[in-house]
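Structural characterization, general
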Protein chains: 2
Amino acid sequence: MVMRTRGGRRAGDSGSRDAILAAARDRFAGHGYDGATIRAIAADAGVDPALVHHYFGTKEHLFVSALRLPIDPRQMVAQVLDAGPRRELGERMVRFFLRVWGDERSRAPVLAMIRSAATNEQAATMVRQFVTSALLSRVTDGIGVPRLRVEAAVAQLIGIALLRYVVKVEPMASAPDEELVALVAPLIQRILDET
Amino acid sequence: MVMRTRGGRRAGDSGSRDAILAAARDRFAGHGYDGATIRAIAADAGVDPALVHHYFGTKEHLFVSALRLPIDPRQMVAQVLDAGPRRELGERMVRFFLRVWGDERSRAPVLAMIRSAATNEQAATMVRQFVTSALLSRVTDGIGVPRLRVEAAVAQLIGIALLRYVVKVEPMASAPDEELVALVAPLIQRILDET
DNA sequence: GTCTATAATCGGATAGAC
DNA sequence: GTCTATCCGATTATAGAC
């Protein structure tokens, strides 16, 4: 029968494990670590709560499993930095940012990190380490910009994400991507350019 | 005995009510609405949990009581807008922003709103209405800047608050106020200036 | 693989004594 | 004004049957 050594679904598996992971991503994204309950995740996935423990052990383990990004951050950063001329870096960053937040699959883990970090100290530490090592350090190393400036640019983007996708303030929430690019790309570019 | 009609402490009051309010502000600020428990608030205040209900009824009522800002937002906005020449508006906004976040008394309610809005839908609605009516509308009316631009400026400041005071990323978290003013004020000014 | 049953804890809220 | 006692619901987690 079907029996692979790597990848794919193992023999005997139903789709429950993946269903749990998908439901967990949604719940963590929507309510943060503390607000997402195993019972609700199980209900969303259509399985028994005990099955969640059977697959993932503790809630914390489920959290880190659910947050594994579908793409590799280091690869993404390198791509954004090198995909064109330096004078268009601001625009590339804004477009990349909007693409991540526009796609449900990548938005859920990021939203989960933000929502959880806001109220859970352990999650905040995870986010701090991730932002520092996976993003800031690579960007700072890749281009010759002082770290405080890179952080100011990141702050601009995170603030927009908060107003647009979490608090949902108008007209920011409904503005088309292109309008945001036209507005924000020059701002980011300027932050990075002035030594 | 002592018996005033307005202001001051009423006869028979101990300091418990104020102690509860102060503890509630800290807890809501530190853990968000859902994460702050009445039992913990009571413990911080050194009183019995039942006393919290005695004074404030439900947890929700306690929340809105704890979040009454010590200053009036409409007054603050007007002051920032009119306190100097238009070309220094960016600097005034940044300095005001840093003053609010630098003082514990004003930081606690703002932090509580952010942390709660991140995971609690009801709190998010409160924040959205507050940001829209109390801040954005007044600023947009006061100066002739499109709302989307004002929101971009607010996003820049909120993002900085997040990195500096919540996630605590270095060097943003430890940078002196003046360094941030020098870096950010021109950015805000530019957002507001270009039609 | 999946579920039942249950332990152990913690949450908000209330009634009522003092 | 303040506290004791308690109700009732929800939570994570485990043991074990099927």
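Here's what I pulled together on the structure shown here. (Residues numbered from 1 in each chain as written. Chains lettered and ligands numbered in written order. Predicted model: local features only at pLDDT ≥ 70, side-chain atom pairs only at ≥ 80, totals over all residues. Heavy atoms only, no water.)

Some details on the interface of chain A and chain B
Note the following rule: Should any heavy atoms of two residues lie within 4.5 Å, those residues are considered in contact. Throughout, the accessible surface (probe 1.4 Å) given up by two parts as they are put together, summed over both, is called the buried area. We define a salt bridge as a side-chain nitrogen of Lys or Arg found within 4 Å of a carboxyl oxygen belonging to Asp or Glu.
Counting residues at the interface gives 37 residues for chain A and 37 residues for chain B. Between chain A and chain B the total buried area reaches about 3,300 Å² when both faces are included, carbon and sulfur atoms providing 71% of it. Per-residue buried area on chain A facing chain B is highest for Leu148(A), Leu183(A) and Arg190(A); these three make up 18% of the total on that side. Joining chain A to chain B, the criterion identifies zero salt bridges.

Re the relation of the copies chain A and chain B
Formally: When the copies are superposed, the least-squares fit draws on C-alpha atoms of residues that have pLDDT of at least 70 in both.
Mapping chain A onto chain B calls for a rotation angle of 180 degrees and an axial translation of 0.0 Å; the resulting RMSD is 0.0 Å. A rotation of that kind, with that shift, is consistent with a two-fold axis. Mapped onto chain B, 97% of the interface residues of chain A again fall at the interface, so both copies present the same surface.

Section: unusual backbone geometry
How we decide: Working definition: helices are DSSP H or I runs of at least four residues, strands are E runs of at least two. Numbering for both runs from the N terminus.
Residue Glu170(A) is joined to Pro171(A) through a cis peptide bond whose omega torsion reads 5 degrees. Among the structural elements, Pro171(A) can be located in the loop between α9 (147-166) and α10 (177-193). Its identity is not glycine, yet Lys168(B) carries a phi of approximately 60 degrees, on the positive side. Mapped onto the elements, Lys168(B) comes out in the loop between α9 (147-166) and α10 (177-193).

So, the pattern of salt bridges
Residues and elements named next belong to chain B. The condition that has to hold: Between buried and exposed lies partly exposed: a residue is buried under 20% and exposed over 50% of the maximum accessible area for its type, with that area taken using a 1.4 Å probe on protein chains only.
Tallied over the full model, the rule gives 14 salt bridges over all chains. Two residues, Arg27 and Asp44, come together in a salt bridge whose shortest N-O distance is 2.8 Å. With Arg27 in helix α1 (residues 16-35) and Asp44 in helix α2 (residues 38-45), this pair connects stretches of sequence that are 17 residues apart. We classify Asp44 as partly exposed; its relative accessible area is 44%. Taking the shortest distance from any N to any O, the salt bridge between Asp177 and Arg164 comes out at 2.9 Å. Linking Asp177 in helix α10 with Arg164 in helix α9, this pair joins segments that are 13 residues apart in sequence.

Concerning the packing of aromatic side chains
For clarity, the cut-off: Each aromatic pair joins two rings of Phe, Tyr and Trp (for Trp, the six-membered one) with centres within 6.5 Å, and gets the label stacked for planes under 30 degrees apart, edge-to-face for over 60, and tilted for any other angle. Our definition puts a charge over a ring when NZ of Lys or CZ of Arg is within 6 Å of the ring centre and also within 35 degrees of the ring normal.
In this structure the tally under the stated criterion is 12 aromatic pairs over all chains. Residues Phe28(B) and Tyr33(B) carry aromatic rings whose centres are separated by 5.9 Å and whose planes lie at 5 degrees to one another, so their mutual orientation is stacked. Pair check on accessibility: Phe28(B) and Tyr33(B) agree, each one buried. Measuring from centroid to centroid gives 5.0 Å for Tyr33(B) and Phe63(B), while their planes differ by 85 degrees, and the two rings are edge-to-face. Here Phe63(B) lies in helix α4 (residues 59-66) and Tyr33(B) lies in helix α1, a separation of 30 residues in the sequence. A residue is classified by how much of its surface remains accessible, and Phe63(B), at 3% relative accessible area, is buried. Members of the aromatic cluster, connected to one another through ring pairs, are Phe28(A), Tyr33(A) and Phe63(A). Against the face of Tyr33(A) rests Lys59(A), its NZ or CZ located 4.8 Å from the ring centre.

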